[in-house]
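Here's the letter readout for the chains.
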Amino acid sequence: MFEKILIANRGEIALRINRACHEMGIRTLAVHSTADADAMHVRLADEAICIGPAAARDSYLNQQAILSAATISNADAIHPGYGFLSENAEFVSKVEEHGFVFIGPSAQHIRLMGDKIAAKKAVQDVGIPVVPGSAGAVSGLDEARAVAAEIGYPVLIKASAGGGGRGMKAANNAGELDAAYQTAVSEAVASFGNGEVYMERYLARPRHIEFQILADHHGNVVHLGERDCSLQRRHQKVIEESPSPALNATERARIGHIAAAAVRKIGYHSVGTVEFLYENGEFFFIEMNTRLQVEHPVTEAITRLDLVREMIRVASGAPLGYSQDDIPFNGHAIECRINAENPDTFLPSPGTIGDYHPPGGLGVRVDSALYSGYKVPSHYDSMIAKLIVLGSNRNECLMRLKRALGEYVIDGLETSIPLHQKLVAAPDFVNGDYDIHWLEKFVGLKEDG
Ligand code: MV4
């Protein structure tokens, strides 16, 4: 097992990784920007090294500074968390060339899943259902028109280098296709330096349901059930839950088995998430995420597994030591992402934390690096806390979540807690009756969908 791990991240996820390491008897090295000198991740790690100025590109994205820190302090492995360098194949290769272990998948699998056309082909070949669409890249208007005629309108044109909602254009009919195609290509060139696009049938009102996968280096793969992440605004998830209100145990086992078997066939290791759109009882693959995700605690709550611990264990070469039948799915968990932002305008609200009192009690987990007196920097993501609540069933979970949101005191800046209080009281949410467009309509961003 590793003796020392460098945590290449900040905020709540750096604390989350630090906790797993300490419970495993592993020493930790925090890296931080000048803006984070007083951050909790710096204080709680065994050692800390400043790697650069506040701007992420100069610090948390500064590959050479991070590798130097690992070398100087004699770390064995690097955990990237999410965001920053977590899905950077080039960084993974450099980490390995320097003789460190990257706690995550191989550079090759990150590269494969980053190319959305190649990813779709690869997973389709190993039995995952995909959205009907072009066989691969669509080059030119003539081909775009032919593909659209075959799959039927509305269609979506997606950038091969896109993902997470970046680089998509819809066309509702043949009259809209030429402009949509040309815009999609030029936006893809501008954003990614790669104009390659592909086409899919546009699904009008799907849910976003993703399956958590865990795979070791010995061909053992399990799925840890799904998360329903349909509640989002501008491609930022707001609330996630497991199990999905839309699935039953039979469907979960069926699609979970397909996802786990596919991941085994492509030789993937570490944690990963297979993302689907779910509409009218059918699953369609959209993307695979090759990182630990923000919302992993809802899966931990219902399976009682420590995903970061498992990620570290498999990275060290240890076998899983259990199989699919050993994975329990118990209760219901919901996560609220709490941002430093105005709950109505969604504008960022940086500032200094005054009084701070997180909720507690049975079934309540708060993952956060906040403390009273902490100054939330404006240089990074606005998410300042995750509230994760577990109940024995969805109703108990909802009642407990309302109770916990009411207890949470964060003074000194505006937070999205009031938005969450409105959302968890909304009848559609209480009934589990929502799709990927529901929240934007609820907050008045969209007139109609
Ligand atoms: C789609 C779609 C409808 N039809 N593909 C957006 C992010 C990227 N991961 C894929 N996305 C979508 N792909 C087809 N064929 C609708 C979306 C989509 C979406 C998906 C998941 C979560 C939120 C979303 C919000 C808007 C659009």
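For every chain, the first residue of its written sequence is number 1, and the numbers climb from 1 along that sequence. Where totals are concerned, whole chains, interfaces and linings use all residues; where local detail is concerned, this predicted model gives features only for residues with pLDDT of at least 70, and gives and counts side-chain atom pairs only at 80 or more. As a rule here, side-chain values come from all non-hydrogen atoms in the structure, and water together with hydrogens is ignored.

**A word on the packing of helix α1 (residues 11–23) against helix α11 (residues 307–315)**
Part 1 of the reasoning: Only the contacting stretch of a helix is used when fitting its axis, a line to C-alpha atoms as for every element, and angles between N-to-C directions run 0 to 180 degrees. In this description a helix means any DSSP run of H or I spanning at least four residues, a strand means any run of E spanning at least two, and both kinds are numbered starting from the N terminus. In contact at an axis separation of 9 Å, α1 and α11 are set at 65° when each is read in the N-to-C sense. The two elements α1 and α11 meet at a crossing, and its hand is right-handed. Contact residues: R16, I17, A20, C21 and E23 in α1; L307, V308, R309 and I312 in α11.
Part 2 of the reasoning: In the scheme used here, Gly and all other residues not listed as nonpolar or charged are polar, with Ala, Val, Leu, Ile, Met, Phe, Trp, Tyr, Cys and Pro taken as nonpolar and Asp, Glu, Lys and Arg as charged. Residue classes in the contact of α1 with α11 are distributed as six nonpolar, no polar and three charged. Two helices crossing with the near one rotated counterclockwise from the far one by less than a right angle form a left-handed crossing, whereas a clockwise rotation gives a right-handed crossing. Note on contacts: a residue pair is in contact if any heavy atoms of the two residues lie within 4.5 Å.

**Remarks on the pairing of strand β11 (residues 236–242)**
Part 1 of the reasoning: Remark: exposure states derive from per-residue accessible area (1.4 Å probe, protein chains only) relative to the maximum for the residue type, with buried under 20%, exposed over 50%, and partly exposed in between. Counting buried positions along β11 gives six out of seven residues, so the element sits mostly inside the fold.
Part 2 of the reasoning: By definition, two strands form a pair when at least two bridges between them are found by DSSP. Strand direction decides the pairing type here: strand β10 (residues 221–233) and β11, joined by four bridges, are antiparallel. The partner of Q232 across the bridge, within β11, is K237.
Part 3 of the reasoning: Bridge analysis of β11 against strand β14 (residues 332–339) gives four bridges, and the strand direction is antiparallel.

**Overview of the side chain of S73**
Part 1 of the reasoning: With respect to the secondary-structure elements, S73 resides in helix α3 (residues 63–73).
Part 2 of the reasoning: With residues near it in sequence (within four places) discarded, S73 still touches K4, L29, E47 and I49.

**So, the pattern of salt bridges**
Oppositely charged side chains can pair when the atoms bearing their charge come close.
Part 1 of the reasoning: Salt bridges are defined as contacts in which a side-chain nitrogen from Lys or Arg sits within 4 Å of a carboxyl oxygen from Asp or Glu. Applying the stated criterion to the full structure yields 29 salt bridges.
Part 2 of the reasoning: Salt bridges sharing common partners tie together E210, R227, K237, E240, E295 and R337.

**Notes on the state of the cysteines**
Part 1 of the reasoning: The disulfide criterion used throughout: a pair of cysteine sulfur atoms within 2.5 Å. Counted under the stated rule, the structure contains zero disulfides.
Part 2 of the reasoning: No disulfide involves C229; its sulfur sits 13 Å from the nearest other cysteine sulfur, which is in C336.
Part 3 of the reasoning: A relative accessible area of 1% places C229 in the buried class.
Part 4 of the reasoning: The thiol of C397 is not disulfide-bonded; the next cysteine sulfur, from C336, is found 9.0 Å away.

**Topic: the environment of S160**
Part 1 of the reasoning: Along the polypeptide, S160 turns up in strand β6 (residues 155–163).
Part 2 of the reasoning: Taking the C-alpha atoms as reference points, S160 and A137, separated by 23 residues in sequence, lie 7.8 Å from one another.
Part 3 of the reasoning: Apart from residues no more than four positions distant in its own chain, S160 is found in contact with G114, D115, K116, I117, E196, V197 and Y198.
Part 4 of the reasoning: Think of a polar contact as two N or O atoms within 3.5 Å of one another; within protein, one of them needs to be a possible hydrogen donor and the other a possible acceptor, and neighboring residues in sequence only count if both atoms come from side chains. A distance of 3.4 Å separates a polar atom in the side chain of S160 from the backbone nitrogen of I117.

Geometric values such as these leave the question of function open.
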